[in-house]
Amino acid sequence: MDIVTRPRILVVGAGFAGVECVRRLERRLTPGEAELTLVTPMSYQLYLPLLPQVASGVLTPQSIAISLRRSEKYRTRIIPGGAIGVDLRAKVCVIRTIAGDVVDEPYDYIVLAPGSVTRTFDIPGLTDHAFGLKSLAEAAYLRDHVISQLDLADACTDPAERASRLQFVVVGGGYAGTETAACLQRLTHAAVKRYPRLDPGLIKWHLIDIAPKLMPELGEKLGRSAHEILTRRGIEISLGVSIAKAGAEEVTFTDGRVVPTRTLIWTAGVVASPLIGTLDAETVRGRLAVNADMRLPGHDGVFALGDSAAVPDLAKGDDAVCPPTAQHALRQGRHVAENVIAVLRGRSTRPYMHQDLGLVVDLGGTDAVSKPLGYELHGLPAQAVARGYHWSALRTGVAKTRVMTNWLLNAVAGDDFVRTGFQMHRPGSLRDFEYLDAYLTPEQVRAHVEEAGRAAR
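As the structure is a prediction and not an experimental result, all values here were calculated from the model.

Novice: How should I be thinking about the sheet that holds strand β16 (residues 258-260) in this particular structure?
Specialist: The strands making up a sheet associate through hydrogen bonds between their backbones, and the pairing can be parallel or antiparallel. With antiparallel pairing, the 3 strands of this open sheet are ordered in space as β14-β15-β16. Every other strand in the sheet has two partners, leaving β14 (243-246) and β16 as the edge strands with one partner each. Ignoring strand direction, the axes of neighbouring strands in this sheet form an average angle of 20°. Here 3 bridges tie strand β15 (residues 250-253) to β16, and the two strands are oriented antiparallel to one another. Across the sheet, residue V251 finds its bridge partner in β16, namely V259.

See the structure below:
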């Protein structure tokens, strides 16, 4: 009877916000106080900021996939699947498991931290031909693809085909796009030495963004420094430019240029998970509108945080909302757990406020730009800060050891430029990895829950 009457807390998403929330709830709640359930398709937390280093081979995939089951004290029930709808009135979350079954999970309290998906636009051919970088699968696929272009270019006899295989286009001048272009350019620059038949001058990387500046959040000086570092490496940067059309063998820019390429990498920002659209609740630029304590107005027991929630940024004031960064997600996860506990125990919740600690951008090798606590750094000091921050943010000692070992080994021994071929027989575009067609509409959610309720009676 105790098990039945325990309040049911359901956490959706195992990103920074969701995992930190679950960990804090486990530590602060006794087993008899609540039943904890986590919905996630993967039983690990992915350290997203280091994905470009996985794509470039500096880190192995396992090193940034932090197991949720490693702790012997872990008592949260994991449902292996993705939430595809939430009925706030019935307090039911609709889940599609990794086996394809659709199940309903009732809750008393729900913490929505489903994260974000790649932001795309209605550009002809984009989702069919562009690669993203939001998951381990995409990072592994992208690394194989880039190395395969060198292999194919080395083997082909058609100069036009060779040239197209050795041109690479990255869209997005934010952190993800800049780090991806920087890390993968270093990969191809090092790898071409193993291909004596290839002219290194044929390898061209393009980084484009519709914004007038590269990473404007860094400020004028550091943004210009990053721009100069990448230009010095040979990366062609085009600002105020985007993609007009994408094809299998060429990309058309909005300024009219046509670039022959077999590699288009799209990192032009993110949007909230489509799960938010199933709630039929107020949003701010696609993110769920919540109070400063991360509760959804008008709905008891509903909390939202991370990339999918427009959490007011009290440190900045006005109408500012917290940016979708790992720094905020980690702290919001801990804070929302305390607020859930406060509600359970009949206490008042507290508003979330966090002063931004700064930004770090790892450009590979000894190149980096960082702005910790407002201090502008570049070169080796910035690299030390960037890697030190990422290393310290990893959740387990095992993960820290793996990442540090990978960094040291790569610095000493370099890369072997091996293609794993694990996903060579599956398509790898944005359309294939995002699974955006899995989500229900609000009407479909209500109909499904009502039908399930009638069947249960």
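Novice: Which parts of the structure should I look at to understand the nonpolar core?
Specialist: Across soluble globular proteins, nonpolar side chains have a tendency to be buried as a group. Ranked by internal contacts, the top residues of the largest apolar core, which has 108 residues, are I9, L25, I64, V86, I110 and L112. Per element, the largest residue contribution to this core is 8 residues, and it comes from helix α5 (residues 136-155). Those residues in contact with L112 that sit more than four places away from it in its chain are V12, V86, L275, L279, L288, V302, F303, A304 and L305. Counting residues in each nonpolar core, the second largest holds 16 residues, with V171, V251, A268 and L430 among its members.

Novice: Got a minute to help me understand the environment of P124 in this structure?
Specialist: Mapping P124 onto the fold places it in the loop between β9 (116-118) and α4 (126-129). Judged by its relative accessible area of 47%, P124 falls in the partly exposed class. P124 sits 277 residues away from T401 along the chain, and the two C-alpha atoms are 44 Å apart. Those residues in contact with P124 that sit more than four places away from it in its chain are A244, K245 and A246.

Novice: I keep staring at the packing of aromatic side chains and nothing clicks. Help me out?
Specialist: Think of a pair of aromatic rings as described by two things: how far the centres are apart, and how the planes are tilted against each other in angle. Throughout the structure, instances matching the rule amount to 5 aromatic pairs. Relative to W266, the ring of F121 has its centre 6.2 Å away and its plane inclined at 70°; by these criteria the two rings are edge-to-face. One end of the pair, F121, is in the loop between β9 and α4; the other, W266, is in strand β17 (residues 263-266), with 145 residues separating them in the sequence. Counting every residue linked through ring pairs, the aromatic cluster contains F131, Y141 and F433. It is K400 that lies over the ring of W391; its NZ or CZ is 4.8 Å from the centre.

Novice: Would you mind going over the state of the cysteines with me for this structure?
Specialist: Here, the word disulfide means a covalent bond between the sulfur atoms of two cysteines. All chains considered together, the criterion is met by 0 disulfides. Free of any disulfide, C21 has its nearest neighbouring cysteine sulfur in C93, separated by 14 Å. Take C21: its relative accessible area is 0%, and that puts it in the buried class.

Novice: Sorry if this is basic, but what is going on with the pattern of salt bridges here?
Specialist: Opposite charge on two side chains permits pairing when their charged atoms draw close. Under the counting rule described, the total for this entry stands at 20 salt bridges. Between R224 and E220 there is a salt bridge, with the nearest N and O atoms lying 3.6 Å from each other. Within this pair, R224 and its partner E220 are both found in helix α8 (residues 220-233), separated by 4 residues, close to a single helical turn. Residue classification places R224 among the partly exposed positions, given a relative accessible area of 40%. The exposure class of E220 is partly exposed, given its relative accessible area of 48%. Here D362 ties to R387 by a salt bridge, and the two come within 2.9 Å at their closest N and O atoms. Of the two residues, D362 is situated in strand β23 (residues 358-362) and R387 in helix α10 (residues 380-393); the sequence distance between them amounts to 25 residues. Residues joined in a network through salt bridges with shared partners are E20, R23 and R334.

What counts and what doesn't
Residues numbered from 1 in each chain as written. Predicted model: local features only at pLDDT ≥ 70, side-chain atom pairs only at ≥ 80, totals over all residues. Heavy atoms only, no water. Pairing = 2+ DSSP bridges. Helix = DSSP H or I, 4+ residues; strand = E, 2+ residues; numbered from the N terminus. Axes fitted to C-alpha atoms, helices over the stretch in contact; angles between N-to-C directions. Core = buried A, V, L, I, M, F, W, Y, C linked by side-chain atoms within 4.5 Å. Buried < 20%, exposed > 50% of the residue type's maximum accessible area, 1.4 Å probe, protein only. Contact = heavy atoms within 4.5 Å. Phe/Tyr/Trp six-rings, centres within 6.5 Å; stacked < 30°, edge-to-face > 60°. Lys NZ or Arg CZ within 6 Å of the ring centre and 35° of its normal. Disulfide = S-S within 2.5 Å. Salt bridge = Lys/Arg side-chain N within 4 Å of Asp/Glu carboxyl O.

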